[in-house]
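Structural features, examined
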Amino acid sequence: MRPFSYLSAPDVATAVGAIAEHPGARFLGGGTNLVDLIRQNIERPDTVVDISRLPLDRIEELPDGGLRIGALVRNSRLAAHPLVRTRYPVLSQALLAGASAQLRNMATVGGNLLQRTRCPYFYDTAAHCNKREPGAGCDALDALDGAQRSTAVLGTSGHCIAAHPSDLCVALAALDAEVEAESVRGVRRIPLTGFHRLPGGTPHLETELAADELITAVELPALPWAVNSRYRKVRDRASYAFALVSVAAALDVRDGTVAGVRLALGGVGTKPWRARAAEQVLTGARADGAAFAEAAGAELAGAVGRSGNAFKTELARRTVVATLNRLSADGSPV
Ligand SMILES: Cc1cc2nc3c(=O)[nH]c(=O)nc-3n(C[C@H](O)[C@H](O)[C@H](O)COP(=O)(O)OP(=O)(O)OC[C@H]3O[C@@H](n4cnc5c(N)ncnc54)[C@H](O)[C@@H]3O)c2cc1C
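Residues numbered from 1 in each chain as written. Predicted model: local features only at pLDDT ≥ 70, side-chain atom pairs only at ≥ 80, totals over all residues. Heavy atoms only, no water.

Regarding the overall build of the protein chain
Note the cut-off: Think of it this way: any DSSP run of H or I at least four residues long counts as a helix, any run of E at least two long counts as a strand, and we number them from the N terminus. Both definitions apply: the radius of gyration is a C-alpha atom measure, and the globule rule equals 2.2 Å times residues to the power 0.38. Each residue is placed in one exposure class: buried if its accessible area under a 1.4 Å probe, protein chains only, is under 20% of its type's maximum, exposed if it is over 50%, and partly exposed if it falls in between. Residue contacts are counted whenever heavy atoms from the two residues lie within 4.5 Å of one another.
For the protein chain, the helix and strand inventory stands at 13 helices and 12 strands. Relative to the 2.2 N^0.38 estimate, which gives 20 Å for 334 residues, the radius of gyration of the protein chain is 20 Å and therefore close to what a compact globule would have. The dimensions of the protein chain, computed from C-alpha atoms along their principal axes, are 60 × 50 × 35 Å. Going through the 334 residues of the protein chain one by one, you find that 54% of them count as buried. Contacts spanning at least 24 positions in sequence make up 64% of the contacts within the protein chain whose residues lie at least 6 apart.

Focus: the site of the ligand
The cut-off we apply is this: Nearness is judged by heavy atoms alone; a residue qualifies as near a molecule or strand once a single heavy atom is within 4 Å of it. Here a polar contact is recorded for every N or O atom pair within 3.5 Å, except that within protein the pair must consist of a potential hydrogen donor and a potential acceptor, and residues adjacent in sequence are included only if both atoms are side-chain atoms. For the accessible areas, the method is Shrake-Rupley and the probe is 1.4 Å, while residue cover comes only from the protein chains on display. Here the nonpolar group is Ala, Val, Leu, Ile, Met, Phe, Trp, Tyr, Cys and Pro; Asp, Glu, Lys and Arg are the charged ones; every other residue, Gly included, is treated as polar. Note that the domain bounds reflect an automated or database-derived domain assignment.
Around the ligand sit 33 residues, and of these Phe27, Gly31, Thr32, Thr108 and Asp167 come closest. Ala99 is positioned with one of its backbone polar atoms (N or O) 3.0 Å from an oxygen atom of the ligand. A distance of 3.2 Å is found between an oxygen atom of the ligand and a side-chain nitrogen or oxygen belonging to Asn112. When the free accessible area of the ligand is taken as 980 Å², the share hidden by the protein chains comes to 92%. Of all the secondary structure elements, the ones that give two or more residues to the shell around the ligand are β2 (26–28), α7 (109–113) and β8 (214–220). Classifying every residue of the shell around the ligand gives 15 nonpolar, 13 polar and 5 charged. Shared between two domains, the shell around the ligand takes at least three residues from each, and those domains are domain 1 (1–54) and domain 2 (230–331).

Considering the UniProt feature "domain: FAD-binding PCMH-type" (unreviewed entry) in the protein chain
To keep it simple, the criterion reads: UniProt positions are given in the numbering used here, feature names are shortened, and annotations may be inferred rather than shown by experiment.
Annotation from UniProt places "domain: FAD-binding PCMH-type" (unreviewed entry) at residues 1–225. Helix and strand shares over residues 1–225 are 28% and 16% respectively, and the end C-alpha atoms of the span are 48 Å apart.

Some points on the sheet that holds strand β11 (residues 257–266)
Formally: When DSSP locates at least two bridges between a pair of strands, those strands are taken to pair.
If you walk across this open sheet you meet the 4 strands as β9-β10-β11-β12, and the pairing is antiparallel. The open sheet has two edge strands with one neighbour each: β9 (229–234) and β12 (273–274). Bridge analysis of strand β10 (residues 245–254) against β11 gives 9 bridges, and the strand direction is antiparallel. Bridged to Val253 within β11 is Val258.

Looking at helix α12 (residues 289–300)
Note the threshold: Multiplying one less than the number of residues by 1.5 Å gives the expected span of a helix. Note: the arc covers the axis-to-C-beta directions of the helix.
In this model, α12 (12 residues) spans 16 Å end to end at C-alpha, consistent with the 16 Å of a helix rising 1.5 Å per residue. Buried residues of α12: Ala291, Phe292, Ala295, Ala296, Glu299 and Leu300, and no others. Each buried residue of α12 sits inside an arc of 160° when the element is viewed along its axis, so together they form one side. Opposite the buried face of α12, at more than 90 degrees from it, the exposed residues are Ala290 and Glu294.

Written out as structure tokens, the structure reads:
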């Protein structure tokens, strides 16, 4: 581990000022990803700006019924919040499906948005990885040793097939969340669905956030029928494992017809995957298994499977159908 300077920021202005002055610096939230990456010599900041004492740990109701969530709210606290559990169950379930209780007690909302992929080659400094080292090549593309099991089938490129690992971001993508970011230039908002980038030829550029911007909050717009929402995660172990496939869904059924639907996928995409093609098929359709299967098929038509991850396409199709079947059986309580 390389030595670095440590600075604890008492307020937002100091934090964004420090990062502007030290372009090689990194913010430290809960540290559950960054510290591992520094230890493994993958991240090499010259300065670490500790933001854990900033007053960004509030969960507030917005006038329209939405929620404003401070970037330093811990994942466990957000999952347990009464307004999250009742109005956005998909969000609470996604958080509780991630990591372990100890990690969720440390992990923050802002840090979860920026966590790096779990592709094994990204963490193996002896391997070729364009995300870790631009232009190095991608060993995951031709992997035969089981490493492809964790990789993506949607949004991949000839330079990177690493899957995005976050559960929280899949729920946020379905809920049309917005990210608020602050720098010395001011405050701006970025829709969550546009926050993460597809890898293309530059997989090391993962988000639209500039290097000197601090995530200050995430806002959820009101969505009354999100009370009928659900997060389903398929993984190799019942807990403490990243998703092979996950589905975040909210469904509004009126007189047997889909009046509204929100759908996003995890584990299969190079970014949290908002399933707009499926939503288009479903809106106005009968809320039944045939429509759910057609919608899932439309979304996954562009999937590119490789020897070690081709199973994910069918698994995702089935998980979408099962999740929507369950939501339609539960009915729309609004
Ligand atoms: C064993 C293990 C299992 C896990 N399983 C899962 C899982 O199943 N599902 C899942 O979703 N996650 C999982 N995680 C990931 C975990 O959720 C993330 O490590 C965590 O959310 C990151 O939050 P943090 O606050 O600790 O971020 P940090 O480690 O502090 O930071 C991560 C990155 O975000 C940057 N950053 C942090 N806060 C801000 C901010 N406010 N503004 C700008 N930049 C910021 C940091 O500079 C750093 O680059 C797992 C992690 C581990 C170690």
